[in-house]
Amino acid sequence: MFERYFKLSESGTSVKTELLAGLTTFLSMAYILFVNPSVLGATGMDKNAVFVATGLIGAIATIFMGVVAKYPFAIAPGLGINAFFAYSVVIGMGVKWQTALAGVFVAGVIFWILTVFKIREIIINAIPADLKAAIAGGIGLFIAMIGLVDGGIISANKSTIIGWGDWSDPKVLLTIVGVLITFALYARKVPGAIFIGMVATSIIGLFTGLIPMPSSLVSSVPSLSPTFGQAVFGLKDVFTWEMVPVILTFLLVAFFDTAGSLIGIARSGGFLVNNELPRAGKALMADAIGMLGGSLLGTSPTTAFVESSTGIAVGGRTGLTSVFTGLFLLLSLFFSPLLVVVTSNVTAAALIIVGVLMASNFKAINWDDFPIAAASFLTIIGMPLSYSISDGIALGFIVYPLLMIVTGRAKKVHPIMYGLGLLFILFVIILQTNG
C-alpha cells in the first residue's frame, strides 16, 4: 500500500528508510515541544495545554503534508514568531494572550485565502533562482548556528559579540564528541549516519550522567481546555488599529519563514523542477492548516521546519517520512518523559552537518553579477545574524530590485519582486517600531 501510494521504489527509498528519516526529523525538531510552552508560558498561557497544542497541530499539519503533498517536510509552531507573540505583543504591548491568538487566527484566515487562490505559489515561483539558492544556503548557516549555540560550542561575548562557549563544560564536550562522531560516520558514508550519531551521543550522555534518565516511560496527555478555542473568544478585541501591525507581522513572518524553509529544503533535497516546486499549492496548504488550526488549539503560528533536512539527509524522499514524523509527534504526547534524553547537545550535530550540506547551494549563485551577489549575500548573512529566516529574506529582497534598477535592468525584475521589496520595507519599519 505504501509502495503504491508514495511510489517508494521510484523515489529510491523504502519503508524502513522513510521510518528512519521520519524518526530523525522528529528527534531533531522535538525540542519545540518543550521550548514553545516555555516561551508562550511567559504570557500566562497554560504550559501543559500549549505542549499538547504544539504536538497536536504539528502532527496534523505534518501528516497532511505527507499524505496530500507527499513531501518529507515537517510543520510545527516556529521559533522567533512565538517570541514575537509572547514578548512583543502580549508582554510588550499589553495585549491579552487570547486576543493575540485571535490575531493569529485572522492572519491564518488570510493565509488560507492566499493559499487557496494560489497567490503564495505564484509569489514563490517568481523568486529568481539565485535568490532561492541564497535562501537555501542561508538557512544552512542559520540552522548550523542554532546547533552551535544550543550545543554550547559558541555563545555571546561582550568583547567580540560572539565567541567560543565554555568548552570545559562537560555538556559542551558531549556536543563536540557528538559532532565528531556524526561527521566521521557521514564521511565514511555510513547509512543513517546522522541518526546513529544522535543515538551514540544520547548513550554517552546517559552513561556519563550528562543527560538525565527519564523518570518514567509513559505519562497521561495533559488537558487542552485552558487554551482550546480561546482565539474565538478573543476576536471581539482584535479589530483595532493597534492589532493591524501585529496581524500583518504574523502574516508576513509566517509566509516567508515557510516559503524560505520550503525553498531551502526543497532545493537541497533536489525537489525543485525548473526552479519550481511541484505540488507547491498542496505543500503550502499544509502550513495554512497548521496556522489556522494552531490558533484554535492554542499556539503561535506554524512554519515548515528546516530540521526536515535531517530526515532528508538520511534518505527520506516521500511523504511517508512526514507521516511517520507526524505519528511520532502524536506518540510524544504520551511518551513525553523520554524526550528529556534528546537534549540540544544531542541534536546539535544533526543541525551542524545539515548546515554543511545546505551550504553547497552557494555554488549556484552568480557571484560575478553584483546586484545578485549583494542581494544573495545579505540574504545569507542576514539569517544567522538576525536569528530569523524572514529577516534575512527581507534584506535581500529589498536590495535586489533596487540594484537592478540602478544598473539599468529594471525590466528583468519580475513585478512581484518589486511588490515584495516595498512590502518588506514596511515589514522592517513595523518590526523596528514594535521591537
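- As annotated in an unreviewed UniProt entry, the protein chain carries the name MFS transporter, AGZA family, xanthine/uracil permease and comes from Weissella hellenica.
- You can read under Sequence similarities (unreviewed entry) in the UniProt record for the protein chain the words "Belongs to the nucleobase:cation symporter-2 (NCS2) (TC 2.A.40) family. Azg-like subfamily."
- The Subcellular location (unreviewed entry) field of the UniProt record for the protein chain holds the comment "Cell membrane".

## A closer look at the side chain of Thr318
Part 1 of the argument: Residue position: Thr318 is located in the loop between helix 14 (308–313) and helix 15 (319–332).
Part 2 of the argument: Residues within four places of Thr318 in sequence aside, it is in contact with Phe6, Leu8, Ser11, Thr13, Glu18, Lys70, Tyr71 and Pro72.

## Thoughts on the nonpolar core
Part 1 of the argument: Counting 116 residues, the largest nonpolar core has Met65, Phe73, Phe85, Phe250 and Phe397 as its most contacted members.
Part 2 of the argument: It is helix 12 (residues 244–269) that contributes the most residues to this core, 13 residues altogether.
Part 3 of the argument: When sequence neighbours within four positions are dropped, the list of residues in contact with Phe85 reads Leu40, Met45, Val90, Trp97, Ala100, Leu101, Val104, Phe250 and Ser300.
Part 4 of the argument: Among the nonpolar cores identified, the runner-up in size contains eight residues, and Ile153, Ile154, Ile176 and Val179 belong to it.

## Focus: the environment of Tyr71
Part 1 of the argument: Counting through the fold element by element, Tyr71 comes out in the loop between helix 4 (47–69) and strand 1 (75–77).
Part 2 of the argument: When its relative accessible area of 2% is taken as the criterion, Tyr71 is described as buried.
Part 3 of the argument: Tyr71 sits 117 residues away from Arg188 along the chain, and the two C-alpha atoms are 28 Å apart.
Part 4 of the argument: In terms of polar contacts, Tyr71 uses its side chain to reach the backbone carbonyl oxygen of Pro278, at 2.3 Å.

What counts, and at which threshold
- Think of each chain on its own: its residues are numbered from 1, step by step along the sequence as written.
- At least 70 in pLDDT is required for a residue's local features to be given in this predicted model, at least 80 for side-chain atom pairs to be given and counted, and no such filter applies to totals for whole chains, interfaces and linings, which use all residues.
- For the side-chain quantities, the full set of heavy atoms in the structure was used; hydrogens and water were omitted.
- UniProt positions are given in the numbering used here, feature names are shortened, and annotations may be inferred rather than shown by experiment.
- Where helices and strands are cited, they refer to DSSP runs of H or I of at least four residues and of E of at least two residues respectively, numbered from the N terminus.
- Two residues qualify as a contact provided that any one of their heavy atoms is within 4.5 Å of a heavy atom in the partner residue.
- Remark: nonpolar core denotes a set of buried residues (Ala, Val, Leu, Ile, Met, Phe, Trp, Tyr, Cys) joined through side-chain atoms within 4.5 Å.
- The classification of residues rests on relative accessible area computed with a 1.4 Å probe and restricted to protein chains. Under 20% of the type maximum is buried, over 50% is exposed, and intermediate values are partly exposed.
- For the purposes of these results, a polar contact is taken to be a pair of N or O atoms within 3.5 Å, where, inside protein, one atom must be able to donate a hydrogen and its partner to accept one; residues adjacent in sequence count only when each atom of the pair is a side-chain atom.

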